[in-house]
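Structural characterization, general
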Amino acid sequence: MSAASSKPAGEVIETDVAIIGGGLVGTSAALELRRQQRSVVVLEQGWCGAQASGVNYGGVRRQGRAACQLPLSQRAHQIWRRLEQTIGCNGEYVASGHLKLARNEADMQELVAYREMAAAHGLELELLYPDALRQRYPWIGTPAYGASLCAEDGHANPRLIAAAFARAAEQAGAHLLQQSAVEDCRFDGNYFLLQNSQGVRVRSRFLLNCSGAWGKEIAGRFGDAVSEQAIYPNMCVTEPLPPLMDLSLGVVGGAFYARQVERGNVVLGGGRGDGNLALDATRPRASSSVNALAALTEMVPALRHALVIRTWSGVEGETPDGQPVIGPSASTPGLLHGFGFSGAGFQLAPAVGEVLAELVAKGESSTPIDAFSVKRFAVQHA
Amino acid sequence: MSLLKRVAELERQRVSFWLDGKALNALVGDSVLTAVLTHTDQLRRTEFSGAPRAGFCLIGCCQDCWMRSEDGVAVRACTTEIEEGMRLLSGRMPAAEREHA
Amino acid sequence: MQTLVEAGLRPLLIDENRRAGGQIYRQPPPGFVRSKKVLYGFEAAKAEALHGSFEQLRSKIDYRPDTLVWNCTPGQLDLLHAQRPAAQTYTHLILCTGALDRVMPFPGWTLPGVYTLGAAQVALKAQGCVLDGRVVIAGSGPLLYLLAYQYAKAGADVVAVLDTARFGGKLRALPALLRQPVTLAKGLYFMAWLRARGIAIFGGVEHIAADGKQTLHSLRWTRKGKTTEIACNALATGFGLRSETQLAELAGCRLVFDQLNQQWLPQRDDAGRSSVPGVYLAGDGSGIAGADAAELSGRAAALALLQDLGLPPNAAAKNALASESRQLAHTLRRNLLFRQGLETAFPTAVDWARHCADDLVVCRCEEITAGQLRRSVQQEGSIEINRLKALTRVGMGRCQGRICGAAAAEILAHATGLSVAEVGRLRVQAPVKPIPVSSALMAQEQT
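All values reported here derive from a predicted model rather than from experimental measurement. (Residues numbered from 1 in each chain as written. Chains lettered and ligands numbered in written order. Predicted model: local features only at pLDDT ≥ 70, side-chain atom pairs only at ≥ 80, totals over all residues. Heavy atoms only, no water.)

1. Here's the deal with the pairing of strand β18 (residues 255–258) of chain C
Residues and elements named next belong to chain C. What counts here: The rule is simple: take the accessible area with a 1.4 Å probe, protein chains only, and divide by the maximum for that residue type; under 20% is buried, over 50% is exposed, in between is partly exposed. Strands here are runs of E lasting at least two residues and helices are runs of H or I lasting at least four, both read from the DSSP assignment and numbered beginning at the N terminus. Pairing between two strands requires that DSSP report at least two bridges joining them.
Here β18 shows a clear split, with Leu255 and Phe257 buried on one side and none of Val256 and Asp258 buried on the other. As paired elements, β18 and strand β19 (residues 263–266) share four bridges and run antiparallel to each other. Paired with Val256 across the bridge in β19 is Leu265. In this antiparallel pair of consecutive strands, β18 and β19, the connection spans four residues, and Gln262 shows a positive phi of 50°.

2. A short note on the environment of C:Asp157
One can find C:Asp157 in strand β11 (residues 157–163). Taking the C-alpha atoms as reference points, C:Asp157 and C:Ala440, separated by 283 residues in sequence, lie 46 Å from one another.

3. A look at the domain arrangement of chain C
Filter applied, for reference: Where each domain begins and ends follows an automated or database-derived domain assignment.
Taken as a whole, chain C is organised into domain 1 (2–98 + 242–342), domain 2 (103–239) and domain 3 (352–447). The distance between the C-alpha centroids of domain 1 of chain C and domain 2 of chain C comes to 29 Å.

4. A few points about the environment of C:Ser286
All names here are of chain C. Where we set the bar: The criterion used for residue contact is that any of the two residues' heavy atoms lie within 4.5 Å.
In this structure, Ser286 sits in the loop between β20 (279–281) and α9 (291–309). Measuring from C-alpha to C-alpha, the distance between Ser286 and Ala248 comes to 8.5 Å, with 38 residues separating the pair along the chain. When neighbours within four sequence positions are excluded, Ser286 is seen to be in contact with Ser243, Leu265, Pro266, Arg268 and Leu281.

5. Points about the interface of chain B and chain C
It is common to give the size of an interface as the accessible area lost on bringing the parts into contact. We count it as follows: By buried area we mean how much accessible surface two parts lose on assembly, using a 1.4 Å probe and totalling the loss over both. A side-chain nitrogen of Lys or Arg and a carboxyl oxygen of Asp or Glu constitute a salt bridge if their distance falls within 4 Å. The definition of a polar contact used here is a pair of N or O atoms within 3.5 Å, where within protein one atom must be able to donate a hydrogen and the other to accept one, and adjacent residues in sequence count solely through side-chain atom pairs. For this classification, the nonpolar set comprises Ala, Val, Leu, Ile, Met, Phe, Trp, Tyr, Cys and Pro, the charged set comprises Asp, Glu, Lys and Arg, and every other residue, Gly included, is treated as polar.
Counting residues at the interface gives 42 residues for chain B, matched by 45 residues for chain C. Summing both sides of the interface, chain B and chain C together bury roughly 3700 Å²; the carbon and sulfur share of this comes to 54%. The largest contributions to the chain B side of the interface with chain C come from B:Lys5, B:Glu9 and B:Phe56, which together make up 21% of the buried area. There are six salt bridges connecting chain B and chain C. Linking B:Arg76 and C:Glu16 is a salt bridge whose minimum nitrogen-to-oxygen distance equals 3.8 Å. Across the chain B-chain C interface, the total number found is 21 residue pairs in polar contact (both at pLDDT 80 or more). Listed by contribution, the elements that provide at least two residues to the side of chain B that touches chain C are β1 (4–6), α1 (32–37), β4 (44–45) and β5 (52–53) of chain B. Among the elements that make up the side of chain B that touches chain C, the one with the highest residue count is β1(B) (three residues). Class assignment of the residues belonging to the side of chain B that touches chain C gives a composition of 18 nonpolar, eleven polar and 13 charged. The pairing of β1(B) with strand β9 (residues 129–131) of chain C spans three bridges and is antiparallel. Its bridge partner being in β9(C), B:Leu4 is matched across the sheet by C:Leu131.

6. Here we look at the pattern of salt bridges
For the coordinates displayed, the defined rule picks out 44 salt bridges over all chains. Across the pair A:Glu354 and A:Arg75 runs a salt bridge, and its minimum N-O distance is 2.9 Å. Within this pair, whereas A:Glu354 is found in helix α10 (residues 349–362), its partner A:Arg75 is found in helix α3 (residues 70–81), the two being separated by 279 residues in sequence. Owing to a relative accessible area of 14%, A:Glu354 belongs among the buried residues under this scheme. With a shortest N-O distance of 2.8 Å, C:Glu16 and C:Lys433 are connected by a salt bridge. A residue pair is termed long-range when its members are at least 10 positions apart, and C:Glu16 in the loop between β1 (12–14) and α2 (36–40) and C:Lys433 in the loop between α14 (405–416) and β23 (435–436) qualify at 417 residues. Overall, C:Lys433 belongs to the buried group, its relative accessible area being 5%. Counted as one network, the salt bridges with shared partners bring together A:Glu239, B:Arg44, B:Glu47, B:Arg53, B:Asp64, B:Arg68, C:Arg364, C:Glu367 and C:Arg398.

7. A look at the confidence of the model for chain A
Operational definition: pLDDT: the predictor's confidence for each residue, scored from 0 to 100.
Across chain A, pLDDT averages 94, with 96% of residues at or above 70. In this model, residues 1–5 of chain A is a region of pLDDT below 50 whose contacts with residues beyond four sequence positions or in other chains number 19 contacts.

8. Examining empty space enclosed by the protein
Note the following rule: The way it works is a 1 Å grid over only the protein atoms, where trapped points that fit a 1.4 Å probe form a cavity and open points with protein on both sides within 12 Å along at least five of seven lines form a pocket, and then any residue with an atom within 4 Å of a point lines it. Grid points are joined across faces, edges and corners, and a volume is the space filled by probe spheres set on the points.
A complete count under the given rule lists four cavities of 30 Å³ or more for this structure. Around the largest cavity sit 13 residues that line it, and A:Val290, A:Leu293, C:Trp70, C:Ile435 and C:Ser439 are the ones nearest its centre. Counting residues per element, the ones that place at least two in the lining of the largest cavity are α9 (286–299) and β17 (307–313) of chain A together with β23 and α15 (438–446) of chain C. Residue composition of the lining of the largest cavity, grouped by class: ten nonpolar, three polar and no charged. Taken as a whole, the second largest cavity holds about 70 Å³ of empty space. Every residue lining the second largest cavity is listed: A:Ser28, A:Leu31, A:Glu32, A:Arg35, A:Ile79, A:Arg82, A:Thr86, A:Phe165, A:Pro350 and A:Glu354. Secondary structure elements with two or more residues in the lining of the second largest cavity: α1 (24–35) and α10 of chain A.

9. Quick look at the sheet that holds strand β15 (residues 257–260) of chain A
In plain terms, the rule: Fitted lines through C-alpha atoms give the axes, limited to the stretch in contact for helices. The angle between two N-to-C directions lies from 0 to 180 degrees.
Taken in spatial order, the nine strands make up an open sheet running β5(A)-β6(A)-β4(A)-β14(A)-β15(A)-β16(A)-β13(A)-β17(A)-β23(C), and their pairing is mixed. Among the strands making up the open sheet, the edge pair consists of β5 (126–128) of chain A together with β23 of chain C. Where strand β13 (residues 233–240) of chain A lies against β17(A), five bridges are found, and the strand directions are antiparallel. For A:Asn234, the partnering residue across the bridge sits in β17(A) and is A:Ser313. Those strands touched by helix α5 (residues 105–120) of chain A are β4 (98–102), β5 and β6 (146–150) of chain A, and its axis lies near 165° from that of β5(A). Of the strands in this sheet, β4, β13, β14 (248–251), β15, β16 (265–272) and β17 of chain A are in contact with α9(A), which crosses β16(A) at around 125°.

10. Concerning the packing of α3(A) against α10(A)
Residue and element names in this part refer to chain A. The following threshold applies: Oblique is the label for any angle not under 35 degrees, not over 145, and not in the 65 to 115 range, which are roughly parallel, roughly antiparallel and roughly perpendicular in turn.
Packing of α3 against α10 brings their axes to within 7 Å, and their N-to-C directions diverge by 105°. By the angle class used here, α3 and α10 are roughly perpendicular. Along the contact surface, α3 presents Leu72, Arg75, Ala76, Ile79 and Trp80, while α10 presents Pro350, Ala351, Val352, Glu354, Val355 and Glu358.

Have a look at this one:
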C-alpha cells in the first residue's frame, strides 16, 4: 500500500470518485465502486482502518439497533455471511450469537418489546428466562435475570477486517493514499478539487465523505451543517484464557460488552476514555476500565481470576440522535456522506459502502436511509 | 530435573506447598519460582503451542512465569513469595488444570 | 530522597519490590544471612551506604513497597498493592524505572533453562540459588564476567563464558575505558580469576543457538567460521541493558530515538528534566549509564526539582546547590563518554535481523515468528510497527512488547529498508504490567 502518490506535486489525479476516509465505510464503498468500474481515489490521513474501524469492539450485530437501522443492518448481514468471497479472508468473523442480558424485570420487558419490533423487520430473537439461560450458558452468573439471543449475530477482528477491505479495494484497482490528510477541498460547480498534505491534487466528479469523527468538519466545508462530536469508547483485553464464552455478550443499559476471541483473550468495552481528534491522542480511562470489569465479572464470575493486559481507546463520531449521516449532501450535488456511526458502525459498514455506490450509480438507494439524512441537522439549525 | 540449585541461605524454615497435586517443600523467603524450580523444570505451558516455559527475567518484567493455583488465581512466580499450603499448577496435568482453572 | 528530605519535603516513594535497592543493590528477603560482602562483592560498601541511608530516611518519607504503578496520567498515578487499586495524585514526579537485560531472540531462547544475566544474578543474590547443572554464560557487557565470577565462586558449574565482543573492539575502546580505571580493573580481574580456574572464555562468538526438547540440553555457536557445540543445562545471557520507559511515555514525556542505546528514550536535559514540567527522570530508566551514575542523576533530578520549586529560599543555599548541579552535569557527561567507549568494546548486534531464520520465535508471549512478520510486510505492506502489531499480534501478549519490541522493530526495518527509528515504537497503554480483574472488584467496593 502506497504511503503517498508517486505523482509530483502540481499534477492532478483525475478520478470518477474521491473518497475522504480509508476506514471500513470508505474502503467498502471503494470496492463496490470498482465493481461498477469507476475510478476511485481514497485519501486517508493515517493508515487505512486504524481509527474507529480498527480499534472498535468488533461486534457484528443486528440486535439492539433502532428500527430505522434494521434494513441496512440486514443487508450488511448478508455481506458478512459471504465475507470471504468479498475480501478474501474471514477476519476471524464468527456467527457466534449475540446474547443481551437483562438485569431485572424492567430490562426483560425492554427485550420483549424489542423482539416484537425486530420481528417486523425479519430479525428473529429468542428470549431466555433464568433457568433456560443458566442451563444453556452455565458460565453466566446469578445476577442475570434473563436474556435475548440473536443466534446469527457474531463478532470479528476489526483490525484484520479493516485492513482486508482496504487491501481488497486496492487489489480491485482503487488508488489508496495513506498518510494523506486532505488540506483543501472544494467544489467548482462541476468537479470536486482536493489537495492533500503532500501536495497531491485530486479532481473528481463525486466526493464521498467517509471521514468518521472528522465527518462534520468535511461536511462543513461544503455548507452541510452537522451535529457530531468525537467520543472515545473505552476498551480492555485480558490474557488468553481457556474457552469460556462462546458468544458475544451485552447487557441492557450497555455497562459492558464482551467477547472471547479464538486465541482465548476476552475483549471488553464499556464507558469512555479521553482524547481529541489528533491521531494517536486517545487514552483509556482507568475508572471506565474498572467499572466495565466489575460489571463483566458480575455476569461472568469465572473471569474474576483473569489478568487484564491492556486497555485502549479510539475515536468515533457520535450524533445527538445516535444515527449515522448517510446520503446526499443538502448543498452540493455529487457529495455523499457516510459517517457518524456513534459507536455502532462496524456491522453496518459494508452495506453503507454498497449504498453509497448505489447513490453514485443511480442517485438512489435500494435500502431506506431517510432517517440518516444530513438535512435533519439543517432543520435543527433553522 | 531441577533448574535451580540452592547454594546458600539453607538455614530457613520449611514451607510446604503442592505442585500438580504433589506435596513439596520450600524455604521461607523463596519466591514461588524458586520453590518450584528447585524441584522441577517447568512453570507453565504456552496457550498456543503448549511449549513448556520456566521464566526468563526473574524480576517481574517478561511475564513468562505466570502460574495458576488450583482455585484459578493467577500468580506471577518470580515476584510472589511462596506460602504454606499453596496449591499450584505447572501445566503438566492438562485435564486437572482445565477442571480447576 | 535524601536531597528532597534535606530540603524539608516529604516525598512518596513507590517501589514495585518488597525492599529498597532496585536491581544492583537488591536485598534478599528479611531473614537471609549472607553478609553484604558476599552479596555485593566489590560494591559492598556502596550497597551498605545505600541501604543504610534508606533506613535513615524511611521515617521521613512515605514508603510504599510491593506497589505497582500501572498507569500514569497528568497529575495522577494508578497503583496496585495487595490486589487493591488506589489513585495517587502528584504535582511532581521523579521516574526511576530502571532497566532490564537486553536480549535479542535466538533459536531456543524460550526453552526452560534459558535466563537473562540479571535473572541468574537475582537467583543468587536474592534467593541463594544458582542455575543448576552445567551453566554457560553468554553475551556481552561488563555483567558477563561479573556474573561468571559470582557464579563460579558460589559453587555453580560454569562450563564456558561466551563473549560476543571481539578483543580488537576492546583494544579500540581502551582510551574511553581508562576514564573509569576501577571498572576496567574489575573486569580484567574477573577474567583472570576465571581463566585461573580453567573456565573457558571465548571472544568473538557469533550465532548462539540453544537446543533441547523440554529443557535446554546443549548450546551451539560459531566463531571465526567454526561451529562448536557444548552440552549444558542452563544458559544465562544478556547484551547490555534496555531502559524501562513505559511510565515516562504514559506521563506524556517526549521520546527520542537514541543511537547509542538503539532505543527510544525519554528526552532529558542535563539535570534530568523531561519534556513535561514537573516530571523528572533519573537512573537507567532514561538511558543506561550504570549504578554510580544512577545515584548521581538521582541527586541531580532532585536538585532540579527543588530549583523549579524555588527551594531552598535562602539565596546562598540556592547558589551552592546550583553549583553542585553544574558539577553533577559535568560528571554525568564524562560518564556518558565512558559509556560510548563501552559500546565499542561490547557492540550491540545491529545487523541481527539479517541472520534470523523465519522460524525464530520473536514474540515469546504470542509465539510469533520472524517469518510471520516478514510475510505480513510482504503481503500487507506494513511499514510502521503498530500496524505490524495489529496485523500479526506481535507485542500483544502479557509483556506488551517489553521483550520483543526491539527485535520486531529490527525485523521490520530490515524487511522494509527503513531505519529502526523510522518504523516507530510500540504504543504504550495502561496497565504497564498485567493486573488481575479481581482488583477492579476491590476498586468498586471502595467507591
